[in-house]
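Read off the chains here:
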Amino acid sequence: MRRKKGKQKSFLYQLRNQKKIFRNRQKCIKENYGRKGKNSCQENDFLGSDYINVINLLDRKKFAIRYRVSRHQEKIYIPEVFSISENAEQVIRLLRETYTILRCKGTQKIIFDHSACLDLELSASTIMDIIVLAGRKYREGQGAHLDIEGHLPHNKFVRDILLASGLPYHLKAESLSHFDEKRVQRFETIRGHHDIRANRADEVSTKLVLYFNKCLKTQYLELNEEGRRLLSRILGEVISNCEIHGGENATWYTQGHYQIKDDYSFGEMQMLFLNLGETIYEGLKNDVSDETKNKVQHILNRQSENRNPDWDEEMILTVFALQEGISRLRDRNIEGYEARGSGTVSMIEMFNDIGKCESGLKPQMTIVSGKTQIKFTDAYKMKRVRFVQDAAFGTGNKRIIAFNEENDIYAPPNRDNVIKMSEYFPGTVISLKFYLDNRYISSKKGKR
C-alpha cells in the first residue's frame, strides 16, 4: 500500500544537485591526501581518496550480483532488523544488491527506506554507508551523478542512530528531523590503510579509551588508571591487527555510537572495527611467517577427521586465529611479534563482562569474515589450557576459546556460535553492542 506523499515527506532526508560542492570537496580531498601521505589515519573525512580502494576491492571480490537494474530510480528497503549480529547473510545480500545498483550508471536516484526498521546496528549501517559513498564518489568521477534520498525510521531510537551516525550524517544530507543530542555520544569514524609498521594503534586506542570513559561518566562511573591502561593496550592490539592484516590496499574503519535509553537508567553502546581487504582465513593462507605456516598445517591435520560442510577449512582457521599466540606474522625470533594474538577476544570478553543490563538485556558481539560468522556468548569463554610440546601452542598455558564444552581447540565448535554462511564478506567485521548500566556494574564491583 502506497503511503500518502505528505506523510512520506515528513520522514525525508535528501542529497541532491550538489555537483559543484562535490567537485570542490574532491579537490580539497586530493590536496590533503597529497600532503598527508598514503598511510595517514583520517578523521572527519569519511572516505577521502580511499573510495578507489573500496571500489577496486569490491570489484575484485565480485561483490556485485546478477540483479536486474532497469529503472532510473531504485528504492532500497531496510529490513526491520538490520544487523550483522542477528542476520548477517540478509545484510550482506542487501549490501551486494545496493552495490550492484550503484554500479549501474543508468540509475539516477536511490531512495533508502528505513521507515520499517526497528533495530539498526551501527556495523551494518556503517558498512552500507561506506559502500554508498564509495559508489557515489566513483560515479561522480565518471560523470554519472546520483541523487540520494531516504525515509527515516518511525522508531525514535533507531531514527536517532541513523541521523547521528548513519547515512544522512555521512552524506551531510539535509533532513527535516533531528536527533536528541543530549542522549547521544558519537565517536567520529576513523579510517586508515594497511601499514605493516602499525604506527597508528596507540593514537586511535587512546581516543577510543577517552570516548569510552566519557560514555561511562553518564553512569557516574569512570575508569581508573589501571583500567585505562588495560583497555588502551587491548584496543591497541585490535587496531594494530586492522592495520597489519588487511592485505595490500586494504582500508580499515572504527566508529562508535552511545545512546542513553528513555528512562535514563542505562545507555547502549555500539562499536565497529572493520577491515575491507583479506579475510582472516585468506590472511592465514597467504602471506604468513614460517612459524605460523607450520602451525596452520598442524591444526588442519588434527582437524581433518572433523571436517564437514558446516566445519570447513576456512572456519577452522578463522577460529584458530583468535587463540593466544596465533598471528599471521608471529615469529618468536623477531622482536615485537612474539606476543601477538588474542587481543580481539580479550576486548570482546571485557565488554561482555561489564556490558550487561539490570533489565536483562545481553550484549551482542560478533565477528564476520569471509563466509564465517562467530557469535560470542556467555556459554564459552577464553580459558587457560595446558599444552605439552604441542606443534601449534608449544609447552605451557595458553588462553583458548574453542566454542565447545571441553574447550578443545582440536574439536568442532557449537554450530550456534560458529556459523557457515552462504554469503561472502570481503574482509572482517567486529561488531559490538553492549550496555553501560551503573546498577549492574556496581553490583559486579561489590561481588569482587
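Everything in this summary refers to the structure shown in the same document. These numbers were taken from a predicted model, which means no experiment stands behind them.

Definitions and limits used
Residues numbered from 1 in each chain as written. Predicted model: local features only at pLDDT ≥ 70, side-chain atom pairs only at ≥ 80, totals over all residues. Heavy atoms only, no water. Phe/Tyr/Trp six-rings, centres within 6.5 Å; stacked < 30°, edge-to-face > 60°. Helix = DSSP H or I, 4+ residues; strand = E, 2+ residues; numbered from the N terminus. Buried < 20%, exposed > 50% of the residue type's maximum accessible area, 1.4 Å probe, protein only. Polar contact = N/O pair within 3.5 Å; in protein donor to acceptor, adjacent residues only side chain to side chain. Contact = heavy atoms within 4.5 Å. Pairing = 2+ DSSP bridges. Axes fitted to C-alpha atoms, helices over the stretch in contact; angles between N-to-C directions. Parallel < 35°, antiparallel > 145°, perpendicular 65-115°, else oblique. Left-handed = near helix turned anticlockwise from the far one by under 90°. Core = buried A, V, L, I, M, F, W, Y, C linked by side-chain atoms within 4.5 Å.

Centre distance and the angle of the planes are the two values used to describe a pair of aromatic rings. Tallied over the full model, the rule gives 10 aromatic pairs. On the numbers, 5.9 Å between centres and 75° between planes, the contact of Phe320 with Phe393 is edge-to-face. Taken together, the residues span a long stretch of sequence, with Phe320 in helix H12 (residues 313-320) and Phe393 in the loop between strand E13 (383-390) and strand E14 (394-400) at a distance of 73 residues. Looking at Phe320, the relative accessible area reads 0%, which means it is buried. Ring centres 5.5 Å apart and planes at 70° place the aromatic pair Phe376 and Phe403 in the edge-to-face group. Of the two residues, Phe376 is situated in strand E12 (residues 364-376) and Phe403 in the loop between E14 and strand E15 (418-436); the sequence distance between them amounts to 27 residues. Look at Phe376 and you get buried, because its relative accessible area is 9%. A residue is classified by how much of its surface remains accessible, and Phe403, at 1% relative accessible area, is buried. Clustering of aromatic rings is evident, with ring pairs tying together Phe212, Phe351 and Phe434.

What follows concerns the side chain of Asp437. As for its placement among the helices and strands, Asp437 is situated in the loop between E15 and helix H14 (438-447). A polar contact of 3.0 Å, which involves the side chain of Asp437, links it to the backbone nitrogen of Glu358. A polar contact is formed between the side chain of Asp437 and the side chain of Arg439, at a distance of 2.9 Å. The residues touching Asp437, leaving out its near neighbours within four places in the chain, are Gln219, Ser265, Phe266, Lys356, Cys357 and Glu358.

Backbone geometry places Lys172, a non-glycine residue, at a positive phi of 55°. Mapped onto the elements, Lys172 comes out in the loop between helix H7 (167-171) and strand E8 (174-175). For Lys172, a relative accessible area of 55% gives the class exposed. A positive phi is found at Asn407, a non-glycine position, where the angle reads about 50°. Turning to its location among the elements, Asn407 is positioned in the loop between E14 and E15.

The next point concerns the pairing of strand E7 (residues 147-151). Taken across its five residues, E7 has five buried, putting it largely inside the fold. Here E7 shows a buried face lined by Asp147, Glu149 and His151 and a second buried face lined by Ile148 and Gly150. Where strand E5 (residues 109-113) meets E7, five bridges bridge the pair, whose relative direction is parallel. If you follow Ile110 over to E7, its bridge partner there is Ile148.

Attention now moves to the packing of helix H8 (residues 201-216) against helix H9 (residues 225-244). Relative to each other, H8 and H9 sit at 130°, their axes nearing to 8 Å. By the angle between their directions, the pair H8 and H9 is classed as oblique. Seen from above, H8 lies across H9 with right-handed handedness. Of the residues in H9, those in contact with Ala201, Val204, Ser205, Thr206, Leu208, Val209, Phe212 and Asn213 of H8 are Arg228, Leu231, Ser232, Leu235, Gly236, Ile239, Ser240 and Glu243.

Counting 63 residues, the largest nonpolar core has Phe273, Met347, Phe376 and Leu432 as the members making the most contacts within it. A total of eight residues in this core trace back to one element, the largest contributor, which is H8. Excluding residues that lie within four positions of it along the chain, Met347 makes contacts with Ile234, Leu235, Val238, Phe273, Ile430 and Leu432. Formed by 55 residues, the second largest nonpolar core is a distinct cluster that contains Ile110, Ala134, Leu146 and Leu272.

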